[in-house]
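Structural overview
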Amino acid sequence: MAQRSNAEKKGIVRYRIIVKGIVQGVGFRPFIYNLARFYRLKGTVANTSQGVLIEAEGQEETVHAFLASLKEKHPPLSRITALEWDVLEPCGYSSFAIIPSGEGLGKEALIPPDVALCADCAREIMDPRDRHYGYPFTNCTNCGPRFTIVRGVPYDRAKTSMARFPMCPECAREYHDPGNRRFHAQPAACPACGPQVELVDRQGRKVEGNWLELSWRFLQDGKILAVKGLGGFHLVCDARNRAALKTLRRRKGREAKPLAVMCLLETARKYCYVGPEEEKLLSSPQAPIVILTKRADCNLPDELAPGMKTLGIMLPYTPLHLMLLNGPLEILVMTSGNRNGLPLAKDNGRALEELGGIADYFLWHNREIVNRCDDSVVAVIGDTAQILRRSRGYVPSPVKVAVKSSSPVLGAGGDMKNTFCLLKGNQAFVSQHIGDLGSREGEAHFFASLENLKNLIGCEPEVVGYDMHPGYRSSRLAAGIPAKAHFAVQHHHAHMVSCLADNGVDEEAIGVILDGTGYGTDGRLWGFEILTGDCTDFTREYHLAYVPLPGGEQAVRYPWRTAVAYLMKYLSAQGESLADCLFQSRGQELEVIKRLVATGFNSPLSSSCGRLFDAVSALLGLCYYNSYEGQAAIELGEMVLDPAEGKRLIPYPFFIEGKVIHPGGVIAGVAADLERGVAREIIATRFHNTVLAMVREAVRRVAERTHIKTVALSGGAWQNRYLFSLAKEILPGDGYRLLVHRQVPANDGGLSLGQAVIACRRWQQCV
Amino acid sequence: MKENGRDIVLLAHGDGGALTHELINNLFLRHFESNILKTLTDAAVFSVNEGRMAITTDSFVVDPPFFPGGDVGKLAVCGTVNDLAVSGARPVYLTASFILEEGLPLADLESIVQSMAGACGVAGVEIVTGDTKVVEKGHLDKIFINTTGVGYIFPGVDLGYHRIKPGDKVLVNGSLGQHGIAVLCKRYGFDFAGQVMSDCAPLNGITSLLLKEIRGIKIMRDLTRGGLATTAKEIASACGLDIWLDENCIPVDAGVKGAAEMLGLDPLYLANEGKFMVIVSPEEAEKAVAVMQGHELGRDASIIGEVKPGKGNVYLSTSLGGTKLLDLMAGSPLPRIC
Ligand SMILES: [Fe+3]
Ligand SMILES: [Mg+2]
Ligand SMILES: [Zn+2]
Ligand SMILES: [Zn+2]
């Protein structure tokens, strides 16, 4: 190999370059190959578990030019987090070649997230002359499954669920041709060699015929299909068919929670307003569900999203989806294929068992889903994209944080909307959406996903951060994970630090945490919290007054219970008679609730923001029962006027005494407005303005005393469009530097990031 | 209330003097039928048979002392009798020690003593010795009773964690949660249509029947504080096996279900005073159910679950189709939903 005699010309150098980041499965090696040939360099390129390893030999200036263009022009899906090199003795390479992957010691190569179908592949599956015509698993280096099919690193076909599909000669030729779009595309496949679709009935018996035409016919007949996608099954039906929607809701036991739909961009525009930022997100490689505002003339059935002005839409992101939409149906419901509270079904056998009572037919295939991954959800508020669920398309890309950890840290997350987070160095790997941990199946999802992510990024956590709630499953699970140290983290401190970390900030800030309920250091359930603090510790500055939640978790399910508690606390006898009048239909239960409030039995005290929203929502008669998390608050949020108009309405009175914000004036004001027959839209808007006024006043007081000028917003209530857009106007206007979430959710899906960073800091203080 | 009259408990009732004697003779001896007790010696003396004996003690404090379906006296007898019964014993003798609050109406004390005597009659046990103390008003809440019981283990009976094997079936003798709801309603003044009554009852009748008929009984436990879930968790942890319960098979009557839902409580964690859990070999499970159903305290007996290999966890297959992990109760339940 080494032909030293020829190579020892003047100025020849050999660089050994390692590129780290998202550099595998994104067309990086062909890019390097072509770039090296362009600069007439000799050497090799290979995937290793540390990243892409390049040996480049040539004139020193040429190698420098090569490095500069590498940094500048790297492929669109790649992300370079580190670029390091050593200068070595030249060894006289004769050409430039891509060589097989080798496994190194530390695993630092990042697996890319799944990528939505690219335009080239879309064209091929629609082109009758192309060999990928009508093939639902077509992909290339620019698109296709990644995270969901990967078992280990380095990212090679052998370590994916494509391993069992040997490539046909034609696919192999494309795979080995550096000039081809499928050069080293690990999941590359065609009808001759790749996975196959099958349509089966509820018993798993194959339905003979053309699967695509049959699927269309079944959907047209109002049937429900369970369709195996990228990260799990979807339940699919015609979004325009009212009867089908009703059947789906009944069978799934999903009363009112909005159903996501899938359609082409033109169709989305027909039903919803699509702004430029929203269009960008819809068509991005991540292809999330984007929450869009329905057009005034939108005539889609109300059953899709009862009581909502918005609709969650995503574009087809796999060839299979595109083919389904390339027929008689322009818009399809694509809701997650799971039974109430359980993780998404991902394996054929389990799906038949779990979804057999819901779906009429199963459209599945024989490519295994290794990592379950739900669809991501994003909303654009003003000009800010707010991520509500960070999963498919984003995971496992890391969030770069301002702290640097020498020991890997695990943040175990919350109990609902769970994610966990592995912090390695300054990279925080937030897991896909795990969801509700209240079941054995949810726990199994947690552990399987943790094992997989640990394996992919090559780290074993040494420090663990978890929520201090004594009843959280996540905390029990965390305690069972062996580590050098376990740190209990307060829920809202974790929210606040999650927002700091999301912004790469590591300094003192004022945290405005508007949230549901989280366990506080005094054993109460917090949720409307103005904190000061940093990545290590916090002080509770102001909070909403405590109110009993009659029946504990039942009060979270039934918002009118909290309304009764508020009425009794702030309007005493008058409140009781108002409760009698408003909630008369509840009969005997109302008397029980009153006794619960009066005696305090099973009525934990809470300063929750979400529960205040619940109470007002119930007072306005909007929502008595939360059939999904946050329903009452969301429906109240849908009631408000446009911010530009709404902000002129006067807030209800409130006062601050010591550390406590008393909302008595809100309850009295809402009651009085109700009595005077004021429109619910006005009351709802005035209520939102009051919450903003409380925040503004509390922040002003804290800032005056502490001189802290950075304000971080976190907690699930910030998903409220009205609150968020006005806070983004008001607080910077008052002279604060405002931090909002950008990469992880403000809701409990972001908790794990905050926990990991806090645990990292506390550990650093111990050692 | 007449402070000087004889119709309330006075400090002097506990000083060992005239009033104490009056109390013993006119109240306790009148209700508790026992030749051994009648001797009023310093200790009860009795002869023993061959074999093994069981002894247990428990103190009973309940707010309020009277509740639908029972009172603290009935509870004091049943609680101790049941602990012996589920241990595989035939209860024989009880002791009863009273600590009374000054000012307690004597009529209340009498009705408590009366219901103790009634429960002893049903259970076929004798109270053979006792004690009475009175404390100043405010130093305790009305009445505390301690009972200690002894009994003979049925010959050939061997119950314990060591006998539990994967595949064994889990049974209960009836609907859960009645005692817990009955006491809470009385204590806090919750008013439900169709009052829930405590299930307080001596279980030695049904357990002895079961032990006589069924060889394959592995263990029995009464489901008092913490309810079915807590007891199941204790058993699972102790033997290192998993217990799977099926929500659809666990009997909970409509009254308890409705009340528990309104109060935000889980019937599986509510206290019972006349319910017990049995773990039995799979071959004899059906027969055991039939035997239990033949007794009036086992009319709703059913198989509610199974023992599986595992790591000491208790799982509940829910009616929604998921599997919930049941843990020991951690104080009062706090919402997990954010
Ligand atoms: Fe939260
Ligand atoms: Mg006991
Ligand atoms: Zn492509
Ligand atoms: Zn092929």
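Residues numbered from 1 in each chain as written. Chains lettered and ligands numbered in written order. Predicted model: local features only at pLDDT ≥ 70, side-chain atom pairs only at ≥ 80, totals over all residues. Heavy atoms only, no water.

Thoughts on the overall build of chain B
Definition in use: Elements are defined by DSSP. Helices are runs of H or I of four residues or more, strands are runs of E of two residues or more, and each kind is numbered from the N terminus. For the radius of gyration, the atoms used are the C-alpha atoms, and the globule rule reads 2.2 Å times the number of residues raised to 0.38. Residue exposure (1.4 Å probe, protein chains only): buried if accessible area is under 20% of the type maximum, exposed if over 50%, otherwise partly exposed. All accessibility values rest on the Shrake-Rupley procedure with a 1.4 Å probe; residue burial counts only the protein chains present in the view.
From N to C terminus, chain B includes nine helices and 13 strands. In terms of overall size, chain B behaves like a compact globule, its C-alpha atoms giving a radius of gyration of 21 Å where 338 residues would be expected to give roughly 20 Å. Counting only C-alpha atoms, chain B reaches 65 × 55 × 30 Å along its principal axes. The buried share among the 338 residues of chain B stands at 55%. Accessible surface for chain B amounts to roughly 14,400 Å². Of this, 52% is attributable to carbon and sulfur atoms.

Considerations on the sheet that holds strand β10 (residues 276–280) of chain B
Residues and elements named next belong to chain B. Filter applied, for reference: Here a strand pair is declared whenever DSSP counts at least two bridges between the two strands. The axes are straight lines fitted to the C-alpha atoms, using for helices just the contacting stretch, and the angles between their N-to-C directions are given from 0 to 180°. In what follows, residue pairs with any heavy atoms lying within 4.5 Å of each other are defined as contacts.
Pairing in this open sheet of seven strands is mixed, and the strands run β8-β10-β7-β11-β9-β12-β13 from one edge to the other. Edge strands, defined here as strands with exactly one partner in the open sheet, are β8 (217–222) and β13 (323–326). In this sheet, neighbouring strand axes are inclined to one another by 25 degrees on average, regardless of whether the strands run parallel or antiparallel. Direction of pairing for strand β12 (residues 314–317) relative to β13: antiparallel, over a ladder of four bridges. The residue of β13 that forms the bridge with Val314 is Leu326. Where helix α3 (residues 72–86) meets the sheet, its contacts fall on β8 and β10, and the angle it forms with β8 comes to roughly 165 degrees.

Observations concerning the domain arrangement of chain B
Residues and elements named next belong to chain B. Note the cut-off: For each domain, the first and last residues come from an automatic or database assignment. Note on definitions: buried area is the accessible-area loss of two parts on being combined, 1.4 Å probe, summed for both. Every case where a carboxyl oxygen of Asp or Glu lies within 4 Å of a side-chain nitrogen of Lys or Arg is listed as a salt bridge. Polar contact criterion, stated in full: a pair of N or O atoms within 3.5 Å, where within protein one must be able to donate a hydrogen and the other to accept it, and residues adjacent in sequence count only if both atoms are side-chain atoms. Amino acid classes used here: Ala, Val, Leu, Ile, Met, Phe, Trp, Tyr, Cys and Pro are nonpolar; Asp, Glu, Lys and Arg are charged; the rest, including Gly, are polar.
Here chain B is described as being made up of domain 1 (2–153) and domain 2 (161–326). Between the C-alpha centres of domain 1 and domain 2 there is a distance of 28 Å. Taken together, the contact pairs 21 residues of domain 1 with 21 residues of domain 2. Taking both partners together, domain 1 and domain 2 bury about 1,700 Å²; carbon and sulfur atoms supply 66% of that area. Of all residues in domain 1, Pro68, Asn82 and Val86 give up the largest surface area on contact with domain 2, accounting jointly for 34% of the area buried on that side. Between Asp63 and Arg187 there is a salt bridge, and its shortest N-O distance comes to 3.7 Å. On inspection of domain 1 and its partner domain 2, the count reaches seven residue pairs in polar contact (both at pLDDT 80 or more). Contributing elements (two or more residues each) for the side of domain 1 that touches domain 2: β2 (66–67), α3 and α4 (106–123). In terms of residues, the side of domain 1 that touches domain 2 owes the most to one element, α3, which gives nine residues. For the side of domain 1 that touches domain 2, the residue count by class is 14 nonpolar, four polar and three charged.

Observations concerning the interface of chain A and chain B
The figure often quoted for interface size is the accessible area lost as the parts come together. The interface is formed by 41 residues belonging to chain A together with 28 residues belonging to chain B. In terms of surface lost to chain B, no three residues of chain A exceed Arg440(A), Gln588(A) and Phe601(A), which account for 19% of the buried area on that side. The tally of links from chain A across to chain B stands at two salt bridges. Inspection of the chain A/chain B interface yields 11 residue pairs in polar contact (both at pLDDT 80 or more).

Side note on the UniProt feature "domain: PurM-like C-terminal" (unreviewed entry) in chain B
Stated precisely, the cut-off is as follows: UniProt positions are given in the numbering used here, feature names are shortened, and annotations may be inferred rather than shown by experiment.
As annotated in UniProt, the feature "domain: PurM-like C-terminal" (unreviewed entry) corresponds to residues 165–312 of chain B in the numbering used here. For the annotated span residues 165–312 of chain B, helix accounts for 38% and strand for 18% of the residues, and the straight-line distance between the end C-alpha atoms is 12 Å.

Let's talk about the sheet that holds strand β6 (residues 197–201) of chain A
Residues and elements named next belong to chain A. Within the open sheet, the 10 strands sit side by side as β6-β13-β7-β8-β12-β9-β11-β10-β14-β15. Their pairing is mixed. Each having just a single partner strand, β6 and β15 (384–389) make up the two edges of the open sheet. For this sheet, the mean inter-axis angle between neighbouring strands, taken without regard to orientation, is 35 degrees. Direction of pairing for β6 relative to strand β13 (residues 361–365): antiparallel, over a ladder of five bridges. Bridged to Glu198 within β13 is Trp364. On top of the sheet, helix α6 (residues 211–220) reaches β6, β7 (225–228), β8 (233–238), β12 (331–336) and β13; it is set at about 40 degrees to β6, its chief contact.

Thoughts on the domain arrangement of chain A
Residues and elements named next belong to chain A. The domain architecture assigned to chain A consists of domain 1 (2–98), domain 2 (112–268 + 285–292 + 304–374) and domain 3 (547–690). A C-alpha centroid distance of 43 Å is found between domain 2 and domain 3. Contact residues are listed per partner, giving nine residues for domain 2 and eight residues for domain 3. The largest share of the area that domain 2 buries against domain 3 comes from Glu255, Met308 and Lys309, three residues that together contribute 54% of it. If you look at where domain 2 meets domain 3, you find zero salt bridges. Viewed at the interface, domain 3 and domain 2 are joined by one residue pair in polar contact (both at pLDDT 80 or more). Along the lines of polarity and charge, the residues of the side of domain 2 that touches domain 3 split into four nonpolar, two polar and three charged.

Structural notes on the confidence of the model for chain B
Using the following cut-off: Per-residue confidence from the prediction method is given by pLDDT, with values spanning 0 to 100.
Here chain B averages 93 in pLDDT, while 97% of its residues score no lower than 70. Across the whole predicted complex the pTM is 0.90, and at the interface the ipTM reaches 0.91.

Focus on empty space enclosed by the protein
All names here are of chain A. What counts is decided by this rule: Buried and open spaces are told apart on a 1 Å grid over the protein atoms alone, a cavity being a set of points where a 1.4 Å probe fits but cannot get out and a pocket being an open set with protein on both sides within 12 Å along at least five of seven lines. Residues with an atom within 4 Å of a point are the lining residues. Grid points are joined across faces, edges and corners, and a volume is the space filled by probe spheres set on the points.
What the rule picks out here adds up to two cavities of 30 Å³ or more. The volume enclosed by the largest cavity comes to roughly 150 Å³. Every residue lining the largest cavity is counted, 18 residues in all, and those nearest its centre are Pro136, Leu230, Thr318, Pro319 and Arg367. Its residues placed into classes, the lining of the largest cavity shows 10 nonpolar, six polar and two charged. The volume enclosed by the second largest cavity comes to roughly 50 Å³. The wall of the second largest cavity is formed by 13 residues, among which Gly25, Gly27, Phe28, Arg29 and His184 lie closest to the centre. Sort the elements by how many residues they give to the lining of the second largest cavity and helix α2 (residues 28–38) lands first, with three residues. In terms of residue class, the lining of the second largest cavity is made up of five nonpolar, seven polar and one charged.

Describing the coordination of the magnesium ion (ligand 2)
Residue and element names in this part refer to chain B. Rule in force here: Each metal site is built from N, O and S donor atoms within 2.8 Å (3.2 Å for Na, K and Ca), and since water is not included, such sites may look incomplete.
Protein coordination at the magnesium ion (ligand 2) comes from Asp58 (OD) and Asp83 (OD), with a distance range of 2.2 Å. Of this pair, Asp58 sits in strand β1 (residues 53–60) while Asp83 sits in helix α3; the two residues are 25 residues apart in sequence, bridging distant segments of the chain. Classification of Asp58 by relative accessible area gives partly exposed; the value is 28%.

Regarding the UniProt feature "domain: YrdC-like" (unreviewed entry) in chain A
Per the UniProt record, "domain: YrdC-like" (unreviewed entry) is annotated on residues 209–393 of chain A. Taken as a whole, residues 209–393 of chain A contains 27% helix and 24% strand, while its terminal C-alpha atoms sit 33 Å from one another.

Some details on the confidence of the model for chain A
When pLDDT is averaged along chain A, the result is 93, and 97% of the positions lie at 70 or above. Confidence drops under pLDDT 50 across residues 1–7 of chain A; counting only partners more than four residues distant or on other chains, this segment forms 11 contacts.

Overview of the packing of aromatic side chains
We count it as follows: Centre distance within 6.5 Å is the pairing criterion for rings of Phe, Tyr and Trp, where only the six-membered ring of Trp is used; planes under 30 degrees apart are then read as stacked, over 60 as edge-to-face, and the remainder as tilted.
The final tally for this structure, using the stated rule, is 25 aromatic pairs over all chains. With a centroid separation of 6.4 Å and an interplanar angle of 70 degrees, the aromatic rings of Phe233(A) and Phe362(A) are classed as edge-to-face. Of this pair, Phe233(A) sits in strand β8 while Phe362(A) sits in strand β13; the two residues are 129 residues apart in sequence, bridging distant segments of the chain. Both residues of the pair, Phe233(A) and Phe362(A), count as buried. With a centroid separation of 5.9 Å and an interplanar angle of 55 degrees, the aromatic rings of Phe601(A) and Phe190(B) are classed as tilted.

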